[in-house]
Amino acid sequence: MRWDPRDPSGRRADIFVLSKGHAAPILWAALHEAGAIEDDPMTLRRFDSRLEGHPTPLVPWVRVATGSLGQGLSAAAGMAWARKLDGEPGRVYVLLGDGEVAEGSVWEAAEFASCNGLANLCAVIDLNRLGQSGPTMHQHHAEVYERRLQAFGWDTAVVDGHDLAALQEAFARARRASRPFGIVASR
Ligand SMILES: Cc1ncc(C[n+]2csc(CCOP(=O)(O)OP(=O)(O)O)c2C)c(N)n1
Ligand SMILES: [Mg+2]
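Quantities reported herein were computed from a predicted structural model and do not represent experimental measurements. Within each chain, residue numbers correspond to sequence positions counted from 1 in written order. Chains and ligands are labelled by the order in which they are written, letters from A for the one and numbers from 1 for the other. Only residues with pLDDT of at least 70 get local features here, since the model is predicted, and only at 80 or more are side-chain atom pairs given and counted; chain-wide, interface and lining totals rely on the full set of residues. As a rule here, side-chain values come from all non-hydrogen atoms in the structure, and water together with hydrogens is ignored.

**Some details on the coordination of the magnesium ion (ligand 2)**
Rules: In this listing, donors mean N, O and S atoms no farther than 2.8 Å from the metal, or 3.2 Å for Na, K and Ca; water is missing from the atoms, so a site can look incomplete. Comment: elements are numbered from the N terminus, with helices defined as DSSP H or I runs of at least four residues and strands as E runs of at least two. Only protein chains enter the accessibility calculation, which uses a 1.4 Å probe; a residue whose area is less than 20% of its type maximum is buried, one above 50% is exposed, and one in between is partly exposed.
Protein-derived ligands of the magnesium ion (ligand 2) are Asp98 (OD), Asn128 (OD1) and Leu130 (O), with the metal-ligand distances lying across 2.0 to 2.1 Å. When the donor residues of the magnesium ion (ligand 2) are listed from N- to C-terminus, their spacing reads D-x29-N-x1-L. Separated by 30 residues along the polypeptide, Asp98 in the loop between strand E2 (92-97) and helix H3 (104-115) and Asn128 in the loop between strand E3 (121-126) and helix H4 (142-151) bring together distant segments of the chain. Given a relative accessible area of 3%, Asp98 falls into the buried group.

Here it is, written out as structure tokens:
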């Protein structure tokens, strides 16, 4: 991603939306490590901390509160559309859980993104086989998610989510794509 850790409101910068908002601790840790926030990650979920258990715009790097699963792709698509209409170069990245994508709203957003030619939008599905209380419907069948994204007009890659080189290659493909790009990160 292209972004300046000193400027959370940069209009030309890339945006990240953590749609699976319950993973907030890693977002706070990453922002802290990058020097974008000074809050101590160990204050997570404390009443007097900005670092809540789900991302909220109390932290200016968070453009939309997430954690009510199924909504982040819609928000990200709106941001990508605005970037496109404004002629701004920033790209929008969004991370979804595999349980989350059972939500119908995800697929409405996927259709919106391809119909509006949002080549500046990249969604990653974290395919860990698990939802909250058990296995997901499609478990490790990455091809099911890939076919579904393709049916909604997206370009796709399936990668081993632990293989950094493969992820980098997929993100490079996403930057070159002329349609929204979905990465199914499995294993
Ligand atoms: C709309 C909505 N329903 C239920 C929940 C409760 N919930 C929190 S995490 C979770 C499971 C998420 O599974 P997945 O999307 O696969 O995420 P991951 O495996 O990456 O944690 C659920 C159901 C929620 N946050 N939002
Ligand atoms: Mg999961």
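Following the structure, the description resumes.
**Let's talk about the side chain of Asp39**
For clarity, the threshold we go by: Counted as a polar contact is a pair of N or O atoms within 3.5 Å, where, for protein atoms, one must be capable of donating a hydrogen and the other of accepting one, and residues adjacent in sequence contribute only when both atoms are in side chains.
Within the fold, Asp39 resides in the loop between helix H1 (24-33) and helix H2 (72-86). Here Asp39 falls in the buried class, since its relative accessible area comes to 17%. A distance of 2.7 Å separates a polar atom in the side chain of Asp39 from a polar atom in the side chain of Arg50.

**Points about the pairing of strand E4 (residues 155-160)**
Where we set the bar: Two strands make a pair as long as DSSP finds a minimum of two bridges between them. Orienting the strands away from the viewer, one traces the path from the first strand over the helix to the second; a clockwise path indicates a right-handed crossover.
Sheet analysis places E4 next to strand E5 (residues 181-186), joined by 6 bridges and oriented parallel. In the strand pairing of E5, Ala157 is matched with Ile183. Read from E4 through helix H5 (residues 164-176) to E5, the crossover connection turns out right-handed.

**Considerations on the domain arrangement of the chain**
Selection rule: An automatic or database domain assignment is the source of the domain bounds shown. Two residues qualify as a contact provided that any one of their heavy atoms is within 4.5 Å of a heavy atom in the partner residue. Accessible area that two parts lose when put together, with a 1.4 Å probe and added across both, is what the buried area reports. A carboxyl oxygen of Asp or Glu within 4 Å of a side-chain nitrogen of Lys or Arg is what we treat as a salt bridge. Under the scheme applied, nonpolar residues are Ala, Val, Leu, Ile, Met, Phe, Trp, Tyr, Cys and Pro; charged residues are Asp, Glu, Lys and Arg; polar residues are all the others, including Gly.
The domain boundaries assigned to the chain delineate domain 1 (21-65) and domain 2 (68-187). Taken over C-alpha atoms, the centre of domain 1 sits 23 Å from the centre of domain 2. In this complex, domain 1 contributes 4 residues to the contact, which on the side of domain 2 involves 4 residues. Approximately 290 Å² of surface area, both sides summed, lies buried where domain 1 meets domain 2, with 72% of it carried by carbon and sulfur atoms. Interface area lost by domain 1 to domain 2 is led by His22, Arg63 and Val64, which between them contribute 83%. Taken together, the links from domain 1 to domain 2 amount to 0 salt bridges. At the boundary of domain 1 and domain 2, one finds 0 residue pairs in polar contact (both at pLDDT 80 or more). Broken down by class, the residue content of the side of domain 1 that touches domain 2 amounts to 1 nonpolar, 2 polar and 1 charged.

**Description of a nonpolar patch on the surface**
Heads up, the condition is: Patches in this entry comprise residues that are over 30% relatively accessible and not in a salt bridge; like charges within 9 Å are linked, as are nonpolar side chains (Val, Leu, Ile, Met, Phe, Trp, Tyr) within 5 Å. Every accessible area reported is derived by Shrake-Rupley at a probe size of 1.4 Å, with residue values counting cover from the shown protein chains alone.
A surface patch of nonpolar side chains, amounting to about 270 Å² of accessible area, comprises Met1, Trp3 and Phe16. Here Met1 is to be found in the segment before strand E1 (15-18). Exposure remark for Met1: the relative accessible area of 48% places this residue in the partly exposed category.

**Observations concerning the nonpolar core**
Just so we agree on the cut-off: Note on terminology: a nonpolar core comprises buried Ala, Val, Leu, Ile, Met, Phe, Trp, Tyr and Cys residues joined through side-chain atoms within 4.5 Å.
Core analysis: the biggest nonpolar cluster contains 26 residues, and Leu73, Val92, Val94, Leu96, Val101, Leu121 and Trp154 have the highest contact counts within it. Counting only elements with at least two residues in this core, the list comes to E1, H2, E2, H3, E3 and H4. Not counting the four nearest positions on each side in its chain, Trp154 is found in contact with Leu73, Ala110, Ala113, Ser114, Leu121, Ala123, Leu149, Arg179, Pro180, Phe181 and Gly182.

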